[in-house]
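Next come the chains, spelled out residue by residue.
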Amino acid sequence: MGRSVAAPPALLDGLLLATLCAECVSLVYILERDLLFTLLGMLLMVAVAIFAVKASFGVGGAWFSRTFLKHLGDPLKKRTTLKKFTEQSWQLAIHVSMTALELVVLADKTWWADTRSMWNPKSVTCDFPTHDYLTELLYMAQLAIWIYTAFSCKFLEEIRKDYAVMMTHHVVTIALVSWSYAQGYLPIGVLILLVHDASDIPVDLMKMANYLKLGGPRGFFLTEILFAIVLSMWFVVRLYLFPTKLINSAFWENREACMATLAEAHDLRILSFPGVPMWFGFNALLLTLFALHIWWGFLLVRLLVTVMTKTAHDTAKEEYEGTSSDDDGDDAKDKTD
């Protein structure tokens with residue numbers, strides 16, 4: 001029988017929700033009127049697209065499971081499992097589409113190859129006052145997605161073991177996207193989004209493969225292969241490139257571009273340049289995000305250790321996906337069917 005998940009602490013949950021609402025209100029003051037309407041339109045488009053993706057994967061996934069995976073016991077026959085599969089499907093669709101859009105935005109940019117080009121030495125705060133429409137459109141799409149995802153995590157999805165961590169991640173990400181837009185730090189914002197979206201694709205695929213029980217020899221070891229890819233990408237992208245390339249650029253290269261000499265930039269006792277308040281806040285959010293990466297990296301390592309003694313499917317279900325109160329009812333229903 002599945003284990004029910006305890007509700008998160010009321011104080012923490014309330015604080016996260018209040019922060020999320022405050023972030024949404026702040027966007028009214030941050031965004032220009034035309035972009036605000038674009039954001040509202042994007043929210044509607046995201047909701048419709050997610051509904052369509054979930055419906056498609058719900059029908060298609062159930063058909064695929066009962067048609068081709070009978071030898072695995074029709075993995076998606078449980079209502080809860082099918083629901084989790086469809087929930088993951090829209091996240092996969094978003095991560096793939098946003099990664100593609102981010103790569104299009106970066107096609108004619110030097111930001112990744114030369115991170116110093118993300119900062120404008122002609123500005124006292126190192127920002128670029130204007131950006132092309134496609135970059136701004138990407139930002140509005142991402143804000144719409146993260147706002148929807150945060151409210152979905154709170155009100156639409158089942159409560160899971162990592163609910164508080166996920167909500168914190170959503171709130172911090174919305175703050176980073178909003179803050180980087182308000183400060184004109186869109187270049188580093190695009191790279192942060194790319195790092196997250198691209199590295200989330202194998203996570204989505206691994207979870208969906210796990211729901212389909214595609215582990216072990218009967219599933220051609222697909223879950224295990226995807227887990228190896230997830231583990232590799234997580235450590236390379238989230239735990240190495242993110243701090244050494246992006247946090248380093250936001251922390252040091254920003255100061256080097258804004259201050260008169262390298263000596264001043266590297267002397268953290270000097271806090272006189274105009275961007276200091278924003279610099280502190282932005283880097284604090286990046287470090288918070290990195291701390292979450294470390295936590296999830298620890299969970300992946302623990303998963304690797306545990307998988308040595310259990311099947312990949314059982315391990316992933318217990319350690320990575322979390323459980324919900326619906327699992328109990330679903331298991332009980334299966335026993336009576």
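Just so it is clear, the structure is predicted and the values come from calculations on it, not from any experiment.

Scoring rules and cut-offs
- Residues numbered from 1 in each chain as written.
- Predicted model: local features only at pLDDT ≥ 70, side-chain atom pairs only at ≥ 80, totals over all residues.
- Heavy atoms only, no water.
- 1 Å grid on protein atoms, 1.4 Å probe; cavity = no way out; pocket = protein on both sides within 12 Å on 5 of 7 lines; lining within 4 Å.
- Points joined across faces, edges and corners; volume = space filled by probe spheres on them.
- Helix = DSSP H or I, 4+ residues; strand = E, 2+ residues; numbered from the N terminus.
- Nonpolar A, V, L, I, M, F, W, Y, C, P; charged D, E, K, R; others polar.
- Phe/Tyr/Trp six-rings, centres within 6.5 Å; stacked < 30°, edge-to-face > 60°.
- Lys NZ or Arg CZ within 6 Å of the ring centre and 35° of its normal.
- Patch = residues over 30% accessible without salt bridge, like charges linked within 9 Å, V, L, I, M, F, W, Y side chains within 5 Å.
- Areas by Shrake-Rupley, 256 points an atom, 1.4 Å probe, with all protein chains shown as cover.
- Salt bridge = Lys/Arg side-chain N within 4 Å of Asp/Glu carboxyl O.
- Buried < 20%, exposed > 50% of the residue type's maximum accessible area, 1.4 Å probe, protein only.
- Contact = heavy atoms within 4.5 Å.
- UniProt positions renumbered as here; feature names shortened; annotations may be inferred.

The next subject is the layout of surface pockets. Looking at the largest pocket, its volume works out to about 820 Å³. Every element with two or more residues in the lining of the largest pocket is listed here: helix 3 (79-106), helix 4 (133-156), helix 5 (163-182), helix 6 (186-211), helix 7 (222-258), helix 9 (276-307) and helix 10 (312-321). Here the lining of the largest pocket takes nine residues from helix 3, the largest share from any one element. Split into classes, the residues belonging to the lining of the largest pocket amount to 16 nonpolar, eight polar and 16 charged.

Another aspect to go through is the packing of aromatic side chains. Per the counting criterion, the structure on display carries twelve aromatic pairs. For the pair tryptophan 119 and tyrosine 185, a centre-to-centre distance of 5.1 Å together with 90° between the ring planes defines the contact as edge-to-face. Taken as a pair, tryptophan 119 in the loop between helix 3 and helix 4 and tyrosine 185 in the loop between helix 5 and helix 6 lie far apart in primary sequence, 66 residues in all. What links up through ring pairs into an aromatic cluster is the set Trp63, Phe64 and Phe68. Taking NZ or CZ as reference, lysine 154 lies 5.8 Å from the ring centre of phenylalanine 155, over its face. Sitting over the ring of tryptophan 112, lysine 245 keeps its end group 4.8 Å from the ring centre.

Let's shift gears to empty space enclosed by the protein. Vacant regions in the atomic arrangement are exposed by a probe of water-molecule size rolled over the atoms. A complete count under the given rule lists one cavity of 30 Å³ or more for this structure. For the largest cavity, the calculated volume is near 110 Å³. Those elements that provide at least two residues to the lining of the largest cavity are helix 4, helix 5, helix 6 and helix 9. Here the lining of the largest cavity is composed, by residue class, of eight nonpolar, four polar and one charged.

On the surface, Val25, Val28 and Tyr29 cluster together to form a nonpolar patch covering roughly 350 Å² of accessible area. For valine 25, a relative accessible area of 48% puts it in the partly exposed group.

With the exception of glycine, the majority of residues adopt a negative phi angle, and the majority of peptide bonds are in the trans configuration. Positioned with a positive phi, phenylalanine 220 is a non-glycine residue whose angle comes to about 60°. Take phenylalanine 220: it is sitting in the loop between helix 6 and helix 7. A relative accessible area of 70% places phenylalanine 220 in the exposed class. Even without being a glycine, phenylalanine 221 presents a positive backbone phi close to 55°. Assignment of secondary structure puts phenylalanine 221 in the loop between helix 6 and helix 7.

Mapped onto the elements, cysteine 126 comes out in the loop between helix 3 and helix 4. Judged by its relative accessible area of 0%, cysteine 126 falls in the buried class. Measuring from C-alpha to C-alpha, the distance between cysteine 126 and tyrosine 185 comes to 8.2 Å, with 59 residues separating the pair along the chain. When near neighbours in sequence (up to four residues on either side) are disregarded, cysteine 126 contacts Met118, Trp119, Asn120, Tyr185, Asn254, Ala257 and Cys258.

Feature annotation in UniProt assigns "transmembrane region" (unreviewed entry) to the following positions: residues 36-69, 133-151, 219-241 and 278-301. Helix makes up 97% of residues 36-69 and strand 0%. Its end C-alpha atoms lie 46 Å apart. For residues 219-241, the end-to-end C-alpha separation is 32 Å, with 87% helix and 0% strand making up the annotated structure.

What follows concerns the pattern of salt bridges. Here the structure, examined in full by the defined rule, presents six salt bridges. Salt-bridge contacts for lysine 109 lead to aspartate 108; the nearest nitrogen and oxygen are separated by 3.0 Å. Overall, the relative accessible area of 22% leaves lysine 109 in the partly exposed class. Look at aspartate 108 and you get exposed, because its relative accessible area is 62%. Salt bridges sharing common partners tie together Asp108, Lys109 and Asp132.

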